[in-house]
Amino acid sequence: MESSSSSSSSPFKYNILKGKVALLTGGGSGIGFEITCQFGKHGASVAIMGRRKNVLDSAVSSLRSLGIQAIGLVGDVRKREDAIRVLDSTIKHFGRLDILVNAAAGNFLVSAEDLSPNGFRTVMDIDSVGTFTMCHEALKYLKRGGIGRGISSGGTILNISATLHYTASWYQIHVSAAKAAVDSITRSLALEWGTDYDIRVNGIAPGPIEGTTGLSKLVPDEAQNKIEEYLPLYKLGKKRDIAMAALYLTSDAGKYINGMTIVVDGGLWLSRPRHISKETVKELSRVVEKRSREEATNRVSPSRL
């Protein structure tokens, strides 16, 4: 396994997360792994949590080959006992926790009438309940003066969301509902825990990111070139784009940002299909302007008689 940006320079100082310890759910693959890798390259020690041991082992091996202190911990975010065990293991190994990233997620295309309540519940349990469970169990480690922490400041939580629920998305009712809940969790915890415990809680809502399982599930490879024609920047995002946003939000660069979910999608969620060309719009504008001038002239003319 390799970071998609192994040869790219970073806009951040290499030690921006020096001395920090981060735990990432879903950190062994896709966007989660890129965030893990960039955290490690910028000075953090990392623990990654996932359900598949072979994926974790491969990720940890890749991270350690880059000189990053990393451990993999098997666990399911839907199970509270797993969350408790993984957090406890992280503290035992590294002595503290500074950053929690909730990147574990489930997704698949299905129409609402074909989606079973159990399928809906599964995605809600992974994305929404899993996010809250990890945050809830991590509180005692992340809060100012918590286990392994000093009294100067609290830690940081970053929740990976989506933009599907900002309007509506075809065949994504389960994920839209789950991510809407994640955004609400982000805001509520930012308010309560920012006030009480000096913990910053933010989110990132990625757009379509190339080379990810999520994109391949939702958009076949054959259709990805076509999709780029409809993107405002005419290109898919890269995993590195999300990781750079994660670095910003979890480092001192973003130390006064709390309760925000930053959209990193090139403006896609704002876009709509272009039904008429710019040239047609210009022509229509000229016609409308000419008509307006003629009507104004006709209104004024009788008074001059």
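The coordinates are above.
It should be emphasised that the depicted structure is a prediction, and the values quoted were computed from it without experimental measurement. (Residues numbered from 1 in each chain as written. Predicted model: local features only at pLDDT ≥ 70, side-chain atom pairs only at ≥ 80, totals over all residues. Heavy atoms only, no water.)

1. A word on the pairing of strand β1 (residues 21–25)
(1) Moving on: Taken across its five residues, β1 has five buried, putting it largely inside the fold.
(2) Moving on: The alternating pattern of β1 places Val 21, Leu 23 and Thr 25 on one face and Ala 22 and Leu 24 on the opposite face, and all of these are buried.
(3) Moving on: Crossover handedness for the path β1 to helix α1 (residues 30–41) to strand β2 (residues 45–50): right-handed.
(4) Moving on: Relative to strand β4 (residues 99–102), β1 runs parallel, the two sharing four bridges. Following the sheet pairing, Thr 25 is matched in β4 by Asn 102. (Buried < 20%, exposed > 50% of the residue type's maximum accessible area, 1.4 Å probe, protein only. Helix = DSSP H or I, 4+ residues; strand = E, 2+ residues; numbered from the N terminus. Right-handed = clockwise from strand over helix to strand, strands pointing away. Pairing = 2+ DSSP bridges.)

2. Focus: the nonpolar core
(1) Moving on: Judged by nonpolar contacts, the single largest core of 33 residues is most densely connected at Leu 24, Ile 35, Phe 39, Val 46, Leu 63, Val 101 and Ile 204.
(2) Moving on: Counting residues per element, the ones that place at least two in this core are β1, α1, β2, α2 (53–65), β4, β5 (156–160) and α8 (239–250).
(3) Moving on: Of the residues forming this core, the biggest block, seven residues, is contributed by α8.
(4) Moving on: Sequence-distant contacts of Leu 24, that is, excluding residues within four places in its chain, are made with Gly 32, Ile 35, Thr 36, Phe 39, Val 46, Ala 47, Ile 48, Met 49 and Val 101.
(5) Moving on: With 29 residues, the next largest nonpolar core counts Val 77, Leu 87, Ile 91 and Tyr 141 among its residues. (Core = buried A, V, L, I, M, F, W, Y, C linked by side-chain atoms within 4.5 Å. Contact = heavy atoms within 4.5 Å.)

3. Here we look at the pairing of β2
(1) Moving on: Where burial is concerned, most of β2 is hidden: six out of the six residues are buried.
(2) Moving on: Burial of β2 is two-sided: the residues Ser 45, Ala 47 and Met 49 facing one way and the residues Val 46, Ile 48 and Gly 50 facing the other way are all buried.
(3) Moving on: In the sheet, β1 pairs with β2 via five bridges, with the strands oriented parallel. Paired with Leu 24 across the bridge in β2 is Ile 48.
(4) Moving on: As paired elements, β2 and strand β3 (residues 70–74) share five bridges and run parallel to each other.

Functional significance is not addressed by these values, which are geometric in nature.
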